Amino acid sequence: MQKLLLSAVILLASSSLQAQQFYNQTVVGSNGSEQNARVLVLPDESYLLAITTNGGQTGMKDMPSYGGKDCWILRYDANDQLMWQKAFGGSADEFAEQMTLSQDNHVLVLCGSYSGISGNKTVDTVGKSDLWLFKMDFNGNIIWQKGYGTTGYDACRTILAHPDQSIYLGCTFNVADGVFTDTTYGLGDMLLLKLDAQGNKIWDRSYGTTSIDQLEELKLEPYSNKVVVFGNVMEAGTGNMTPTASVTGTNCWVFKIDPDGDITEQTCFGSGTQYGQIEVAYLTDGTCWVMIETQSDIEGDQTLNHFGSIDTWLVHLDANLQIIGQKVYGGSGIDSPSNITYDGNILELEISSLSSISGNKTESSNGSSDLWYLQLNAIDGEILFQKSIGGFLQEFTSVSMRKGTDIRFFIESVSPISGNKEVPNFNTNSDIWCVTLSSTLGANETAKQKFTIGPNPNNGHFTINCQFSQGDLISIVSAEGRVVQTIHINEQTEKQFIDLDLNPGIYLLQITTAQGNYCEKICLE
């Protein structure tokens, strides 16, 4: 019943999908490079933006750097106006990794650190690179800070603030010394640190195979409050990992732990080509969508062909970690996962795309690589809307936040003013391009009101009533996310008669016009 209600909500949302507009564009930058943006919304609807920068007191950065690279944090109010900015770092390099709210409404900031005691860092490193965690108030004042590491290189990944006041840190390591005392299983293991509310270690646990493993994400399971770990492994079924993979290569390992760090449930899935970033979004029904890359056709647990050299594979897991659905998104080039969010109704994907119109990508890139933004039905992953965002050069990774019905993106960008980018960078290096995508109809409201389909359901023969112009495009997309038919409009018209020779089922009709992009589900009987 819950899934039927959610489907109904999504169907209503898709049938009234609104034209999209960009506004409130700014650039955050200096004379250096700005990368790896992270965003955190605060209770008063202001937000923090954390960036890794090697820039000095130039551009809009009003303070010098402490070392080679710093963690640069900026706070904006709900109207996107800058409130303050501060740099955090030592004499070497610091990398902004993640921010989250603590249970007592302060901010926890996790950085990778190569610096000893210097700058505003008051804790030393144990080895070559460590985890640096500090807690600060909403004005950027550090309350406490801690360092965690071994004598080797420790790659910090993620942080989770648990409702029981504890803090979990996830990283990858290969030396069991320093703060880490558990067993190592292979050449590189996943490691969890559980801390108390003051950052003091409660325990550390390692998880791994006899080869190289990479921890990528920690999530809190709805209702149970169990910590769920997501990572990539090369030798499934070895070490303290019990499930085996259905195909050799690099696959995804997902497991739940109890408060002592013991594994309670685990699964392994993949097509043997799961490398790098994993992003996860939990739905209100306790299921989750796992966003990973694939370079495979039908192989192992992947039941869908890919479109290009690298695609984004979305895998739907139930509460028992069993696969209940999957989709592949991509064009003929490289389409790598960047971010996934769930707003309570729809899934939103951000993909770094080097593809033109091909596969199930229906809008061409503005440059060599763009942000490809998709809205999906949260039940089945069906595409409801998509947009390419970028200039004529390159846009890389992105994060985003909801602003009511609008969405604000923070995109690593080297493009000048071009495409749908209307603000310049501070130099030719990468800056963070901030831009809001509006769902307000505005001037396009009249055009949208004239968009109707009839009859629906139908037998493949129906009429679209819309103010079409020459160059508009109609796309029919299958439930698997594939464009199965396209119709190019060659003249101005108010009606388009459609004759489809397709199997019965649910399809998505996408209309791309100069006034906006619209979607509607159609049922073929």
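Model, not experiment: these values are computed from the prediction.

K.L.:
Looking at this model, I keep getting lost on the overall build of the chain. Mind explaining?
P.N.:
A tally of regular secondary structure across the chain gives 2 helices and 35 strands. Expected size for 525 residues packed as a compact globule is a radius of gyration near 24 Å; at 24 Å, the chain falls within 12% of this value. The principal-axis extents of the C-alpha atoms in the chain amount to approximately 70 × 50 × 35 Å. The proportion of buried residues among the 525 residues of the chain is 57%. Excluding contacts between residues fewer than 6 apart, the proportion of contacts in the chain whose partners are at least 24 apart in sequence is 55%.

K.L.:
Help me understand the sheet that holds strand β23 (residues 346-353) in this model?
P.N.:
Sheet strands pair via backbone hydrogen bonds, and the direction of the pair is either parallel or antiparallel. With respect to topology, 4 strands assemble into an open sheet ordered β22-β23-β24-β25, the strand pairing being antiparallel. Here the strands that pair on one side only, and so sit at the sheet edges, are β22 (335-342) and β25 (383-389). Adjacent strand axes in the sheet meet at a mean angle of 20 degrees, parallel and antiparallel pairs treated alike. Pairing of β23 with strand β24 (residues 370-377), which is carried by 8 bridges, proceeds in the antiparallel orientation. From the neighbouring strand, S353 faces β24, where its bridge partner is D370.

K.L.:
Just checking my understanding: could you explain the packing of aromatic side chains for this structure?
P.N.:
Between two aromatic rings, the relevant description is the distance of the centres plus the angle of the planes. Counted by the stated rule, this structure contains 11 aromatic pairs. On the basis of an interplanar angle of 15 degrees and a centroid distance of 5.4 Å, the ring pair of Y47 and Y76 is categorised as stacked. In this pair, Y47 is assigned in strand β3 (residues 47-53) and Y76 in strand β4 (residues 70-76), connecting sequence segments 29 residues apart. For the pair formed by Y47 and Y76, the shared burial category is buried. Linked through ring pairs, Y47, Y76 and F410 together constitute an aromatic cluster. When the ring centre of W132 is taken as reference, the NZ or CZ atom of K121 above it lies at 5.9 Å. In this structure, K361 is placed above the aromatic ring of W372, and the distance from its NZ or CZ to the ring centre is 5.7 Å.

K.L.:
Explanation requested: the nonpolar core in the structure shown.
P.N.:
When a protein is soluble and globular, its nonpolar side chains tend to lie buried together. One finds L314, Y329, I340, L347, L349, L374 and L376 to be the most contacted residues of the largest nonpolar core, which totals 20 residues. At the level of secondary structure, the elements contributing two or more residues to this core comprise β19 (288-294), β22, β23, β24 and β25. With residues up to four places along the chain from it excluded, the contact list for L347 reads A281, L283, W289, L314, I340, T341, Y342, L374, Q375, L376 and A378.

The rules behind the values
- Residues numbered from 1 in each chain as written.
- Predicted model: local features only at pLDDT ≥ 70, side-chain atom pairs only at ≥ 80, totals over all residues.
- Heavy atoms only, no water.
- Helix = DSSP H or I, 4+ residues; strand = E, 2+ residues; numbered from the N terminus.
- Rg over C-alpha atoms; globule rule 2.2 N^0.38 Å.
- Buried < 20%, exposed > 50% of the residue type's maximum accessible area, 1.4 Å probe, protein only.
- Contact = heavy atoms within 4.5 Å.
- Pairing = 2+ DSSP bridges.
- Axes fitted to C-alpha atoms, helices over the stretch in contact; angles between N-to-C directions.
- Phe/Tyr/Trp six-rings, centres within 6.5 Å; stacked < 30°, edge-to-face > 60°.
- Lys NZ or Arg CZ within 6 Å of the ring centre and 35° of its normal.
- Core = buried A, V, L, I, M, F, W, Y, C linked by side-chain atoms within 4.5 Å.

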